[in-house]
Amino acid sequence: MDEAQSVIIDGEKVAIAETFEVIDPARGEPFARCPAATPAHLDAAVAAARRAFPAWAAASLDERAERLNRIADAVEADKEALAVLLSSEQGKPRASALGEIGAAIGWMRATAALRPPVEVIQDDDKLRIEVHRKPLGVVASITPWNHPVLIATWHIMPALMAGNCVVVKPSSFTPLSTLRLVELANAHLPPGVLNSVTGEGGLGRAMTGHPGIDKVVFTGSTPTGRNIMSNAANTLKRLTLELGGNDAAIVLPDADVDAIAPVIFAKSFGNSGQTCAALKRLYVHESLHDALAEKLAALARAARVGPASDPESQFGPLQNKAQFDLVRELADDARAQGGKFLAGGAANGEKGYFFPLTVVTEVSDGMRIVDEEQFGPILPIIRYSDVEDALARANASENGLGGSIWSSDIKRAEALARRLDCGTAWVNDHSSISPAAPFGGAKQSGIGVEFGHWGLEEYMQVQTVRIAR
Ligand code: NAD
């Protein structure tokens, strides 16, 4: 079994005797062991980060940017091996793993190009007022299991670019690729600037209450986000919370079914639906409902779901047993309530956490498959007749990560998209993101944003400097 990955504290690999199993989701069996850090390791990591902070914060932006670019080069050089690790623990096909790593590299370089602004508010013979931004100190990053390399990159790189030091804790379901990423990065960073800890149970909780940590950036479920917020309150930590989504899409009667079907399919089922801003509820006007549902079902039936070891696989398994069980439960509930499965609908009993790409119609709001974040490969299609009613139903969710409108009338679609209660609204697209545009959740989908200068500034303290003349 693979035991090659170590946590890195203060620039050194730390030998930890205690380990836990990492499961291969394609087989449902352990394939590697991961070090189980103790609270003492966490204390050591935070102390190392605190020691490294003054020099790192004082380094010029250009120096920090150069190091980020060197890390991007190192990840590029290692991407094949990193992709194997990512596929093994996450389950995604090799091409998807390489895609995730490629996106991470692009994000590193884009983040290295960011510069926090210095604003001059007033400058006259009496007074000059400048607004500066300073790093916060030590940032704790806590990541989920769906896109471990990319999401760790989204946390770590802007935090470092802003001049902070970082302790990252990946999900215990997918810890190994993050440990490798941190090891690659450490070759280009001063000791203590970027540290990793891995473990099960209470390690994340210990981070969010730790007095030596100034900010927590968290991507994961809404219940965990609430937990973190309350645990971080005593030390008044800064928080960025990227939480769950249950994104709605509304297809207007004038949409071009042939053109949109493959895009909707890709945006619903990418990463086997395990993407926070995946398209999760599809409201289709009754005039197009049957035609679009059948096209999507045909694409789902033709898709190849299989292990990463098979080069023909286009979609992998669910990442873990709990997620697999939830998806099955939601499919069974939809069936019991009269849902009609045009594709998929049940696991075929083979080894691993495989669930077929599933399209279900004759479902509506009030059913679990529509109301709950499913985070899996099921697309519920809801028939509607009145656009205002569809918009109201799309907005009736407690989540508000993303939403989309699909139409040939761009002006009308844009006007409707802007009425969606969510952090990102798309027209004739869904879930696409860019390093320069802010991304974050409305309502219970989060607090704060990532990416671009907005994201960088989340890792900085505003300081007003008033100079009396
Ligand atoms: P999760 O909330 O179960 O776990 C996320 C991380 O938090 C893991 O590292 C876990 O170990 C840690 N954790 C668990 N309990 C904790 C606690 N009390 N204190 C501190 N840390 C704790 O989420 P998950 O199941 O790994 O990921 C799936 C969820 O993530 C979905 O809800 C999905 O929508 C969301 N997500 C959101 C975004 C976004 O950008 N908004 C992106 C990806 C995933």
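Residues numbered from 1 in each chain as written. Predicted model: local features only at pLDDT ≥ 70, side-chain atom pairs only at ≥ 80, totals over all residues. Heavy atoms only, no water.

Participant: Can you break down the overall build of the protein residue by residue, with the values?
Facilitator: The helix and strand inventory of the protein stands at 15 helices and 22 strands. Against the globule reference of 23 Å for 469 residues, the protein gives a C-alpha radius of gyration of 23 Å, in line with a compact fold. Based on the C-alpha atoms only, the size of the protein along its principal axes is roughly 65 × 65 × 40 Å. Relative to its 469 residues, the protein shows a buried fraction of 56%. When the accessible area of the protein is evaluated, it comes to approximately 18000 Å², of which 53% is carbon and sulfur surface. (Helix = DSSP H or I, 4+ residues; strand = E, 2+ residues; numbered from the N terminus. Rg over C-alpha atoms; globule rule 2.2 N^0.38 Å. Buried < 20%, exposed > 50% of the residue type's maximum accessible area, 1.4 Å probe, protein only. Areas by Shrake-Rupley, 256 points an atom, 1.4 Å probe, with all protein chains shown as cover.)

Participant: Would you mind going over the nonpolar core in detail, with residue names and values included?
Facilitator: Judged by nonpolar contacts, the single largest core of 84 residues is most densely connected at V75 and V167. Looking at which element gives the most residues to this core, the answer is helix 5 (residues 148-161), with 10 residues. Counting residues domain by domain, this core receives three or more from each of domain 1 (7-243 + 445-468) and domain 2 (248-434). If we skip the residues at most four places from it in the chain, V75 touches L82, I101, I105, M108, L181 and L184. Within the second largest apolar cluster, 30 residues are counted, among which are V370, V387, A390 and L420. (Core = buried A, V, L, I, M, F, W, Y, C linked by side-chain atoms within 4.5 Å. Domains from an automatic or database assignment. Contact = heavy atoms within 4.5 Å.)

Participant: Quick rundown of helix 8 (residues 222-231)? Include the residues and the values.
Facilitator: Among the residues of helix 8, T222, G225, I228 and N231 are the ones counted as buried. Next to the buried residues of helix 8 lie strand 7 (138-142), helix 7 (203-208), strand 10 (215-219), strand 11 (238-242) and strand 17 (399-400).

Participant: Talk me through the pairing of strand 4 (residues 29-35); I want residue IDs and the actual numbers.
Facilitator: Strand direction decides the pairing type here: strand 3 (residues 19-24) and strand 4, joined by 6 bridges, are antiparallel. The residue of strand 4 that forms the bridge with F20 is C34. Between strand 3 and the antiparallel strand that follows it, strand 4, lie 4 residues; G28 among them carries a positive phi value of about 70°. (Pairing = 2+ DSSP bridges.)

Participant: I'd like to hear about the domain arrangement of the protein, residue by residue, with values.
Facilitator: Here the protein is partitioned into domain 1 (7-243 + 445-468) and domain 2 (248-434). One C-alpha centre belongs to domain 1, the other to domain 2, and the line joining them spans 31 Å. Taken together, the 26 residues of domain 1 in the interface contact 26 residues of domain 2. Across the domain 1/domain 2 interface, buried area totals approximately 2000 Å², and carbon plus sulfur atoms make up 55% of it. Of all residues in domain 1, P93, W145 and S445 give up the largest surface area on contact with domain 2, accounting jointly for 26% of the area buried on that side. For the pair domain 1 and domain 2, the interface holds 11 residue pairs in polar contact (both at pLDDT 80 or more). Looking at the side of domain 1 that touches domain 2, the elements that each hand over two or more residues are helix 3 (79-90), helix 4 (94-112) and helix 8. Considering only residue class, the side of domain 1 that touches domain 2 consists of 10 nonpolar, 10 polar and 6 charged. (Buried area = accessible area lost by both parts, 1.4 Å probe. Polar contact = N/O pair within 3.5 Å; in protein donor to acceptor, adjacent residues only side chain to side chain. Nonpolar A, V, L, I, M, F, W, Y, C, P; charged D, E, K, R; others polar.)

Participant: Can you tell me about the site of the ligand, naming the residues and giving the values?
Facilitator: Surrounding the ligand, one finds 28 residues, the nearest of these being T143, S221, T224, L243 and E373. One of the backbone nitrogen or oxygen atoms of L243 is found 2.7 Å away from a nitrogen atom of the ligand. Coverage of the ligand by the protein amounts to 85% of the 850 Å² it exposes when considered alone. Elements with a contribution of two residues or more to the shell around the ligand: helix 7, strand 10 and helix 8. (Near = heavy atom within 4 Å.)

Participant: Talk me through the side chain of K237; I want residue IDs and the actual numbers.
Facilitator: Within the element layout of this structure, K237 appears in the loop between helix 8 and strand 11. No salt bridge is formed by the buried K237, whose closest oppositely charged neighbour, D214, lies at an N-O distance of 7.2 Å. A polar contact is formed between the side chain of K237 and the backbone oxygen of I213, at a distance of 2.9 Å. Of the polar contacts made by the side chain of K237, one reaches the side chain of T235; its length is 2.9 Å. For K237, the residues in contact, after removing those within four places along its chain, are M207, T208, G209, H210, P211, I213, D214, K215, V216 and A232. (Lys, Arg positive; Asp, Glu negative; His and termini not counted. Salt bridge = Lys/Arg side-chain N within 4 Å of Asp/Glu carboxyl O.)

Participant: Quick one: what's the story with the sheet that holds strand 16 (residues 378-384), residue by residue and with numbers?
Facilitator: Taken in spatial order, the 7 strands of this open sheet run 14-15-16-13-12-18-19, and their pairing is mixed. The open sheet is flanked by strand 14 (340-343) and strand 19 (424-427), the only strands paired with a single partner. Put simply, the sheet's adjacent strands are angled 20° from each other on average, direction ignored. Two strands pair when backbone bridges link them, and strand 14 and strand 15 (residues 358-361) are joined in this way by 3 bridges, in the antiparallel orientation. Bridging across to strand 15, F341 finds its partner in V360. (Axes fitted to C-alpha atoms, helices over the stretch in contact; angles between N-to-C directions.)

Participant: Which residues make up unusual backbone geometry, and what values go with them?
Facilitator: One non-glycine residue, N271, lies in the positive phi region at around 55°. For N271, the location among the structural elements is in the loop between helix 9 (257-269) and strand 13 (279-285). Residue classification places N271 among the buried positions, given a relative accessible area of 16%. With a phi angle near 65°, S431 is a residue other than glycine that sits in the positive phi range. As for its position among the elements, S431 is in the loop between strand 19 and strand 20 (442-443).

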